[in-house]
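Here are the chains, one letter per residue:
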Amino acid sequence: MNDTSLHAILDRPNSYIGRSVPRPNIRRLLQGRGTYVDDVHLPRMLHVAFVRSPYAHAAIEAIDTAAAKAAAGVFAVVTGAELAEYCTPWVGVLSHLEGLKSQPQHALAIKKACWQGEAVAAVVANTRAEAEDGVGLVEVQWRELPAVVDMERALDAGTPVIHADLGDNLAWQREYEAGDVDAAFATDTVVEEVFTFGRHTGVTLEPRAILADYQASEEHLTVHHSNQAPHMMQNIFATHMGLEEHNVRVICGDVGGSFGIKVHTYADEMATVALSVMLRRPVKFIADRLESFVSDIHARDHVVRARVAIADDGRITAIEINDLTGVGPYSVYPRTSAVEANQIVNLIAAQYTVENYRARTRVVFQNKVPMCQYRAVGHPIATAVTEGLVDAAAAAINMDPIEVRRRNLIADDSYPAKAVTGLMFEGLSHQQSLARLLEMMDYDGLRAEQTRRRAEGVHLGIGIATFVELTNPSAMFYGVGGARITAQEGCTVRMDAKGNIICAAGVTEQGQGAEAVMAQVTATAVGVPLDKVRVITGDTDVTPYGGGTWASRAAGIGGEAAVQAGKVLRGRILDVAGTILQAEPATLDIRESRVVDMADGRDRIGLDEIGRIAYFRPDTLPKEFQSELVATRHYVPKQYPFAFTNGVQASLLEVDIETGFVTLLKHWVVEDCGTVINPQLVDEQIRGGIVQGIGAALFEHCQYDGDGQLINGSMMDYLTPMAAEMPDIEIAHVVTPTADSELGAKGAGEAGTAGAPGAVLNAINDALRPMDVRLNVHPATPEQILTALGTVKPD
Amino acid sequence: MKPAAFDYVKPSSVDEALALLGEHPDAVVLAGGQSLMPMLNMRLVAPSHVVDIAAIPGLDDISVDNNTLRIGALARHADLASSPQILEAAPLLSEAVLHIGHPAIRNRGTIGGSLSLADPAAELPACLLALGGSVEIVGPDGSRVLPASEFFSGTFETALKPGELLSAVEIPVPAAGYRAGFSELARRHGDYALAGLAAFGRIDGGSAHDLRLAFFAVGDRPMLATATARKLEGQKLTADAIAAAVENLGDDIQVIGQPGCGVETKLHHCGVLARRVLTQLVA
Amino acid sequence: MEPMIDLQITVNGEEVSARVPARQTLVDFLRYQLELTGSHVGCEHGSCGACTVRLDGEIVRGCLVLAAQADGAGVETIEGASDSGELTDLQDAFHTRNALQCGYCTPGMLLTAQALLATNSAPSRDEIRAHISGNYCRCTGYQAIVDAVESVAASRRGEGTS
């Protein structure tokens, strides 16, 4: 075997790479024996509930806690000023987002509350029910302030400034220009559209959960956290509670869904930790569902004014966008609330060869729930805008939208390439993927069917969306801005005395199968069956320093660390074997937990025997030899700032033009995410992501009234996608590995969400085309569709 | 979201229940709990006592006697879906009930609970209105029977006086030729409807008689579109006849909008439902 | 002291006596008093299905039933239904088809699926989707779950392997 070939790991015998093996170690989840944070009980544990502002913007004049303190079961009632002695505030800015400004944020608001739902006091009691009783007895003297809730007005002279110290409500803005946009707009056919994206949120089924256990005697803090990035949180807890980082242990056990919601700093979680330090007892906080809606980060509240210029021959000659987004009153820490807008600017038309592009984005503060990164950050908006413009432009010059895409997608043979925004692409497969998609969905057949059904008064719609997805980020994403967010990954693999392999990794698991992927890669790299591998993640005391899970990095970056560590461990095992067998290690290999002759596979000795000798009989090994059956390797992408993937999605649906209701009939994806370690897990990530994107396209919207009140903050009123309305999703793959790693794997976790809203809205507009109407509103509700049709008048 | 503390009592007779309600004016009645429990969990209500009537015998009986279908207040939605008597005498209920929530909800929710709560978006109040049914109410002063048209008085408002309990529902077994139709527009399976219609009438050779069109989820209570129904009395239910009849539906029923689904949209939806349900009645 | 209730409940076949706050829901009783943490809490208003348990043999929302209402009744949770072997083919199908990711909805989903198969041995995909339409899953997008239930139904009918 050529160990020095670019993707040598893929040539390993008995490889698990590319195999859809069922995830090991999830039987406990099937039997209801998982350990989510709320399943953990510690002795003398207390529960916290928060007094939350009923107002979008209100000064806190006084807080009377006497009655609450006297309530049955209540142990403590703490206000913002009191808690500030235990927890320092934070500011969500990064230096590479020039000009980004934000006010310091405290664990409990002190002078005023800036969004409906912001926590201003904490009641700690023996049970959650008693804590809630206490909350009802806390008397806050509020002085209501005008709420800033219309992002279009946020920068007007007459609009109050939320944080006087900042001078205005502008958090950040950016302008970008490439080529000569105005020339193209002067010459070619121009289409203008306004895209509106409704604020929505993650709705993880397990709400946010944290159990902080401060051991005063050791000044040691243990936090059980439903979270994606234990090392990041370790640093944040240590920094703001004034503890030594190595005396903070963060444990992320079973996490009931995250999708980016659980990778941010939440004031109420910091408050919970601070309370444990203050009270010297374990304190547990489980956000209930009503709290979640007014405290989990929201995302994607944008209005994008856009226009596209298209030449008669179908070339897209220019795109311009003007984006406005209203975030919360604070930029979220440490990833900032400007990244979503920045991504949108960067990702518009990234799949196309357009050379003239101008973009402007403004991020403004609002008295609403803070906004930050949520699965596919910015991609759904950039894709929906780009692909909506392409369809509209195609219609304007009467060209088939597929043909327009063919003429403008970056050619498969033109890599490495750059997007007009400077994004670097190592290798993508837009053309091949599109061709595959059209074939697998029988595009021509569907068009014929659509024509037939139209004659019967049935309005089918076919929508396509091509996209790129940013995965495997390097330090260019956060590190360069000063954030203590690591882009590298570490993996330690060791062989135990029985020949089993234990893999401790810095990536984390929330159901996507990160542990399975690590197990498959480790088993392959070392040469053992899958059931001989045990993967440990989510414990800062045990795993190497790692970034956790976000931006679809676990398989590509974590997997590569496992490849390299596994290779080294195999070598070290063979060193021992060579000593025992008096053979050159290079002539040996490990297959199925047995050391064999590389040349003919002849069985020589088992790993269990090597373990026995190495650990219990080192007296039988040469004096100058020391076995070292453990290896740690770290990996960070170096060649490219991000490993971009590409995909294309199609939606087939029916619009009932009488009622405005949309029925999703089918969905297709072709995805290229490089080397696929476990096809089933990748496909299931895509499916879940698509359904999340469909939620945003049709159902999900955090609705605010003019006073900054969230009016649909429950699962009865906020519509998440449920089984009966979702389509079956067919998936195919193209494989363009990255040369930036031996594994060649890119990420795949967010592709579904990136492309689905664009595909669905394009399908709706395709269905409505005979009526000569378009709509660009997410979610496209029945009323929105009826309004676009002119059946009902706009509000 | 944990409820505020309350006393829990489980009377074993109607008299005992009424006595408890009389003694504790801010007590609430717990039947299926599918609507009350969310309210308790969210602390939208904080009663001193929760009176669980599930142990009162006979309150869940379903029977047909003297051309009257009698359904006890504690009959579960799941029972309405599968009861042979109801499938026979009031299939509208069996069909409508499948739109209520999901199986686990229907295993617990009761008809008495649904009618007493009077959620304007609920299906069963509209069905009762369409079928010309009545509710039997028991109270400290005895029992009375009220037609559905007099029972629902507003959003979560009924003719139930403090201390009274809805004990049963009575529906006349229809004569031959009566048919029912039902349709609702909901964003997701099991959701509360954005607009709904329960229709009931006699179809005779394609002509409609005695039509009762009960719209729900569009106002503060289920509403009979009486003028619209009158226009169709004796008429063949053609597309034109229906279109003409629903033209002034907005004058016939008082539609109230909700965020994201305004008055105009709801009214339009009602017109669509009317056409679809009435067309189906004569299909 | 807040009002308390004395309960006699059979949980997973075991007789349990307990004294609980009258306001405690069934799912909280199971999770905190009996430490049967397999039933999960997702919304506490009956919308998500994570708390689904069996009460006298029927699936119910554990968050919408007071523990007090279950006095004298029999309750079965995912742990019991799992230990009895009743769900093994469903669990295996969920496993091989990756019909679970984070696992939080899974106990509720399994009990709900089993309730469907108890009354309908040949459900169509649409019927499966309608039946689980009250169980929120954010991870899978539902298709793998539908596939798993469909395959188990076929296998129980003797028509194939899951």
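Here the structure is a predicted model, which is why all the values come from computation and not from measurement. (Residues numbered from 1 in each chain as written. Chains lettered and ligands numbered in written order. Predicted model: local features only at pLDDT ≥ 70, side-chain atom pairs only at ≥ 80, totals over all residues. Heavy atoms only, no water.)

**Student:** Please clarify how the overall build of chain A should be interpreted in this entry.
**Tutor:** Check the secondary structure of chain A and you find 19 helices and 31 strands. A compact globule built from 795 residues should have a C-alpha radius of gyration of about 28 Å, and chain A, at 28 Å, falls within 12% of that. Projected onto its principal axes, the C-alpha coordinates of chain A cover approximately 90 × 75 × 45 Å. The 795 residues of chain A split such that 68% are buried. Excluding contacts between residues fewer than 6 apart, the proportion of contacts in chain A whose partners are at least 24 apart in sequence is 80%. Accessible surface, chain A as shown: approximately 25800 Å² in total, 47% of it carbon and sulfur. For chain A, the distance from the average site of its 67 positive side-chain charges to the average site of its 100 negative ones is 5 Å. (Helix = DSSP H or I, 4+ residues; strand = E, 2+ residues; numbered from the N terminus. Rg over C-alpha atoms; globule rule 2.2 N^0.38 Å. Buried < 20%, exposed > 50% of the residue type's maximum accessible area, 1.4 Å probe, protein only. Contact = heavy atoms within 4.5 Å. Areas by Shrake-Rupley, 256 points an atom, 1.4 Å probe, with all protein chains shown as cover. Lys, Arg positive; Asp, Glu negative; His and termini not counted. Charge placed at Lys NZ, Arg CZ, Asp CG, Glu CD.)

**Student:** Looking at this structure, how should I read the overall build of chain C?
**Tutor:** Counting secondary structure elements, chain C contains six helices and five strands. Expressed as a percentage of the 162 residues in chain C, the buried residues total 68%. When contacts within chain C are restricted to residue pairs at least 6 apart in sequence, those whose partners lie at least 24 apart make up 53%. Here chain C displays about 4900 Å² of accessible surface, and carbon together with sulfur accounts for 44% of that area. Charge separation in chain C, taken as the distance between the mean sites of 11 positive and 21 negative side-chain charges, equals 8 Å.

**Student:** Just checking my understanding: could you explain the interface of chain B and chain A for this structure?
**Tutor:** It is common to report an interface's size as the accessible area lost on association of the parts. Residue-level contacts link 24 residues of chain B with 30 residues of chain A. Between chain B and chain A the total buried area reaches about 2400 Å² when both faces are included, carbon and sulfur atoms providing 55% of it. On the chain B side of the contact with chain A, M1, R187 and R188 of chain B bury the most area, a combined 33% of that side's loss. Connecting chain B to chain A are six salt bridges. The closest approach of N and O atoms between E264 of chain B and K793 of chain A, which form a salt bridge, is 3.5 Å. At the boundary of chain B and chain A, one finds 16 residue pairs in polar contact (both at pLDDT 80 or more). (Buried area = accessible area lost by both parts, 1.4 Å probe. Salt bridge = Lys/Arg side-chain N within 4 Å of Asp/Glu carboxyl O. Polar contact = N/O pair within 3.5 Å; in protein donor to acceptor, adjacent residues only side chain to side chain.)

**Student:** Looking at this structure, how should I read the pairing of strand β15 (residues 302-310) of chain A?
**Tutor:** Along any regular strand, the residues point their side chains to alternate faces of the sheet. Residues and elements named next belong to chain A. Burial of β15 is extensive: seven of the nine residues sit out of reach of the surface. As judged from the nine bridges shared by strand β8 (residues 189-197) and β15, these two strands associate in the antiparallel manner. Within the sheet, the bridge partner assigned to E192 lies in β15 and is R307. Note: β15 against strand β16 (residues 316-326), nine bridges, orientation antiparallel. By the bridge assignment for β16, V308 is matched with I319. (Pairing = 2+ DSSP bridges.)

**Student:** Could you clarify how one ought to interpret the interface of chain A and chain C in this entry?
**Tutor:** Of the residues lining the interface, 55 residues belong to chain A; the matching set on chain C comes to 51 residues. Taking both sides of the interface into account, the surface hidden between chain A and chain C amounts to around 4300 Å²; carbon and sulfur atoms contribute 53%. Considering only the side of chain A, the residues that lose the most area to chain C are L30, L205 and A723 of chain A, jointly responsible for 17% of the buried surface there. Our count for the chain A to chain C interface comes out at eight salt bridges. Ionic pairing is found between R31 of chain C and D39 of chain A, a salt bridge with its closest N-O pair at 2.8 Å. Counting the contacts that link chain A with chain C gives 28 residue pairs in polar contact (both at pLDDT 80 or more). Taken together, the residues of the side of chain A that touches chain C sort by class into 24 nonpolar, 17 polar and 14 charged. (Nonpolar A, V, L, I, M, F, W, Y, C, P; charged D, E, K, R; others polar.)

**Student:** Help me understand the state of the cysteines, please; the structure alone is not making it clear to me.
**Tutor:** Each disulfide consists of a covalent bond between the sulfur atoms of two cysteine residues. Residues and elements named next belong to chain C. Evaluated as defined, the whole model comprises zero disulfides over all chains. Of the cysteine sulfurs around C51, a residue in no disulfide, the closest is that of C63, at 3.7 Å. A relative accessible area of 3% places C51 in the buried class. There is no disulfide at C139, and the cysteine sulfur nearest it, in C102, is 3.7 Å away. Among the residues examined, C139 registers a relative accessible area of 4% and is labelled buried. (Disulfide = S-S within 2.5 Å.)

**Student:** What am I meant to see in the packing of helix α9 (residues 339-347) of chain A against helix α10 (residues 379-396) of chain A here?
**Tutor:** Packed helices, taken two at a time, are described by the angle between their axes plus the distance between the axes. Residue and element names in this part refer to chain A. The geometry of α9 relative to α10 is characterised by a closest axis approach of 8 Å and an angle of 35° between their N-to-C directions. Between α9 and α10 lies a crossing of right-handed hand. Across the interface between the two elements, Q343, I344 and L347 of α9 pack against H379, I381 and A382 of α10. Grouping the amino acids of the contact of α9 with α10 by side-chain chemistry returns four nonpolar, two polar and no charged. (Axes fitted to C-alpha atoms, helices over the stretch in contact; angles between N-to-C directions. Left-handed = near helix turned anticlockwise from the far one by under 90°.)

**Student:** Teacher, can you tell me more about the environment of L20 of chain B here?
**Tutor:** All names here are of chain B. Residue position: L20 is located in helix α1 (residues 14-23). Sequence spacing of L20 and K10 is ten residues, and the spatial spacing of their C-alpha atoms is 9.7 Å. Apart from the residues lying within four places of it in its own chain, the contact partners of L20 are V9, P11 and V51.

**Student:** Would you explain the domain arrangement of chain A in this entry?
**Tutor:** All names here are of chain A. The domain boundaries assigned to chain A delineate domain 1 (9-31 + 488-635), domain 2 (37-145 + 207-255 + 262-293) and domain 3 (379-471 + 642-789). Centre-to-centre, using C-alpha coordinates, domain 2 lies 39 Å away from domain 3. Between domain 2 and domain 3, the residue contacts involve seven residues of the former and eight residues of the latter. Overall, the association of domain 2 and domain 3 removes approximately 660 Å² of surface from exposure, summing both partners, and the carbon and sulfur fraction of that is 59%. Ranking the residues of domain 2 by area buried against domain 3 places A56, Q116 and F293 at the top, with a combined share of 73%. For the interface between domain 2 and domain 3, the tally reads zero salt bridges. Across the side of domain 2 that touches domain 3, the residue classes break down as five nonpolar, one polar and one charged. (Domains from an automatic or database assignment.)

**Student:** Sorry if this is basic, but what is going on with the sheet that holds strand β25 (residues 594-597) of chain A here?
**Tutor:** Sheet strands pair by backbone hydrogen bonding; their relative direction is either parallel or antiparallel. Residue and element names in this part refer to chain A. Pairing within the open sheet is antiparallel, and its three strands lie in the order β24-β25-β26. The open sheet terminates on both sides in strands that have one partner only, identified here as β24 (588-591) and β26 (603-606). Averaged over all pairs of adjacent strands, the angle between strand axes in this sheet comes to 30°, irrespective of strand direction. Pairing of β24 with β25, which is carried by four bridges, proceeds in the antiparallel orientation. Each residue of the ladder has a partner; that of L588, found in β25, is D597. The strands touched by helix α15 (residues 554-581) are β24, β25 and β26; relative to β24, the strand with the most contacts, the crossing angle is about 120°.

**Student:** Looking at this structure, I do not really get the sheet that holds strand β2 (residues 14-21) of chain C. What am I missing?
**Tutor:** Residues and elements named next belong to chain C. The strand order across the open sheet built from five strands is β2-β1-β5-β3-β4, with neighbouring strands paired in mixed fashion. Here the strands that pair on one side only, and so sit at the sheet edges, are β2 and β4 (58-61). Here the strands of the sheet are splayed against their neighbours by 40° on average, with no regard to which way each runs. Here two bridges tie strand β3 (residues 52-55) to strand β5 (residues 74-76), and the two strands are oriented antiparallel to one another. Across the sheet, the residue bridging to R54 is E76, located in β5. Where helix α1 (residues 26-33) meets the sheet, its contacts fall on β1 (4-11), β2, β3 and β5, and the angle it forms with β2 comes to roughly 105°. Lying on the sheet, helix α4 (residues 106-119) is in contact with β3 and β4; it crosses β3 at an angle near 50°.

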